[in-house]
Amino acid sequence: MPLVKPFGFFGNNAFSPYMDATGGTITTSGSFRFHTFTADGTFEITNVGSGALAFYDYVIVGSGEGGRSANNAGDGGASGIARADTAVPSALGTYSIVIGEGGAGGLNGFGDPGESTTAFSNTATGGGVTTPGRNADFNDGSSPSETDAGTGGAGAGGNGNQSLGGNGVNTIIGTDYGGGGNGGRRNANTPYSSGAGGGTGGNFTTNGSDGTAYGAGGGGSCYSTRPGGAGADGVCVIKYQF
């Protein structure tokens, strides 16, 4: 009696109903596979799948702007923006993924703007490209709650709030990316810090810190002789059922 091979048994996946692909760092959670790109790379779909399994979701986040360095407290850098698409029909082929690099923190001036992340003919621009502290979707904070404090940078999910960086976005893998950088404080009080990975603002004794979550803005510094934090690099995450 001949051996009957189940779907997915064949090495070339010719009879598998599931989508299959290569590229990036591959992880799984339950019945889903994730491809995470933190540097430029190539996503190759080697099997399109069938029916409801022939689709994928993705999110891309531009890189963060570096924090500002200034007397009387520098401003936090803006995060990159996020762009996402769901239920994208799969098609055999190779797709280029370009990840934006985070902007350097400023020294006696504004930090460098972030760079764009691109994938699947979609672009997520970096923070601070047009206006320091802002991105293409949201604004920086205004009217800090204390004298000599910098404003918070825009996040990927919301405006800055006084000296706090704007919120990030909850991505398809349940992780917040793209928090705005926090403003610096020109005193010895506890530095401003908020969620979603935006850089902590500097105070009397510390520099602005780097953004930690993908796409996050750097923290502002409190003196022109102290550098602002660097913005975080962008990211691309692709998800499909397997």
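This report concerns the structure included in the present document. Predicted model, so just to flag it, every value in this text is computed and none were measured.

Rules of the game
The residue count restarts for each chain, going from 1 along the sequence in the order it is written. Given that the model is predicted, a residue must reach a pLDDT of at least 70 before its local features are reported, and side-chain atom pairs must reach 80 or more before they are shown or counted; all residues, however, enter totals for whole chains, interfaces and linings. The side-chain values count all of the structure's non-hydrogen atoms but skip hydrogen atoms and water molecules. Two strands make a pair as long as DSSP finds a minimum of two bridges between them. For the purposes of this entry, the term helix denotes a DSSP run of H or I that reaches at least four residues, the term strand denotes a run of E that reaches at least two, and both are numbered from the N terminus. Between N-to-C directions, angles span 0 to 180 degrees; the directions come from axes that are lines fitted to C-alpha atoms, helices contributing only their stretch in contact. Think of it in three bands: residues with accessible area under 20% of the maximum for their type are buried, residues over 50% are exposed, and the middle band is partly exposed, with areas taken using a 1.4 Å probe on protein chains only. Residues adjacent in sequence count toward polar contacts only when both atoms are side-chain atoms; beyond that, a polar contact is any pair of N or O atoms within 3.5 Å, and within protein one must be able to donate a hydrogen and the other to accept it. Contact between two residues is taken to exist if any of their heavy atoms lie within 4.5 Å; hydrogens are not considered. Patch building starts from residues that exceed 30% relative accessible area and form no salt bridge, then joins like charges within 9 Å and nonpolar side chains (Val, Leu, Ile, Met, Phe, Trp, Tyr) within 5 Å. All accessible-area figures derive from a Shrake-Rupley calculation using a 1.4 Å probe, and residue coverage is judged against the displayed protein chains alone. Salt bridges, as used here, are contacts in which a Lys or Arg side-chain nitrogen is within 4 Å of a carboxyl oxygen on Asp or Glu. Note on charges: Lys and Arg go in the positive column, Asp and Glu in the negative column, and His and the chain ends are not counted at all. Taken as the charge centre is NZ of Lys, CZ of Arg, CG of Asp or CD of Glu, depending on the residue.

**Concerning the sheet that holds strand S2 (residues 25–29)**
Spatial ordering of the open sheet is given by S2-S3-S12-S5-S6, a layout of five strands whose pairing is antiparallel. At either end of the open sheet lies a strand with only one pairing partner, and these are S2 and strand S6 (82–89). Across this sheet, the average inter-strand angle for adjacent strands is 20°, counted without regard to direction. Sheet topology note: the strand S5 (residues 55–61)/strand S12 (residues 235–241) ladder contains five bridges and is antiparallel. Paired with Asp57 across the strands is Lys239, a residue of S12.

**Points about the side chain of Asn135**
Counting through the fold element by element, Asn135 comes out in the loop between strand S9 (122–124) and strand S10 (169–170). By relative accessible area, which is 11% here, Asn135 ends up buried. Only 3.0 Å separates the side chain of Asn135 from the backbone oxygen of Gly155, close enough to count as a polar contact. Other than its neighbours up to four places away in sequence, Asn135 contacts Ala78, Ser79, Gly80, Ile81, Gly127, Ala154, Gly155 and Ala156.

**Section: a negative patch on the surface**
A surface patch of negative charge is lined by Asp40, Glu101, Glu115 and Asp233. Within the secondary structure layout, Glu101 lies in the loop between strand S7 (93–97) and strand S8 (117–119). When its relative accessible area of 52% is taken as the criterion, Glu101 is described as exposed.

**Re the pattern of salt bridges**
For the coordinates displayed, the defined rule picks out six salt bridges. One salt bridge in this structure joins Asp20 and Arg33, with 2.9 Å as the shortest N-O distance. Linking Asp20 in strand S1 (residues 19–22) with Arg33 in strand S3 (residues 32–37), this pair joins segments that are 13 residues apart in sequence. The exposure class of Arg33 is buried, given its relative accessible area of 16%.

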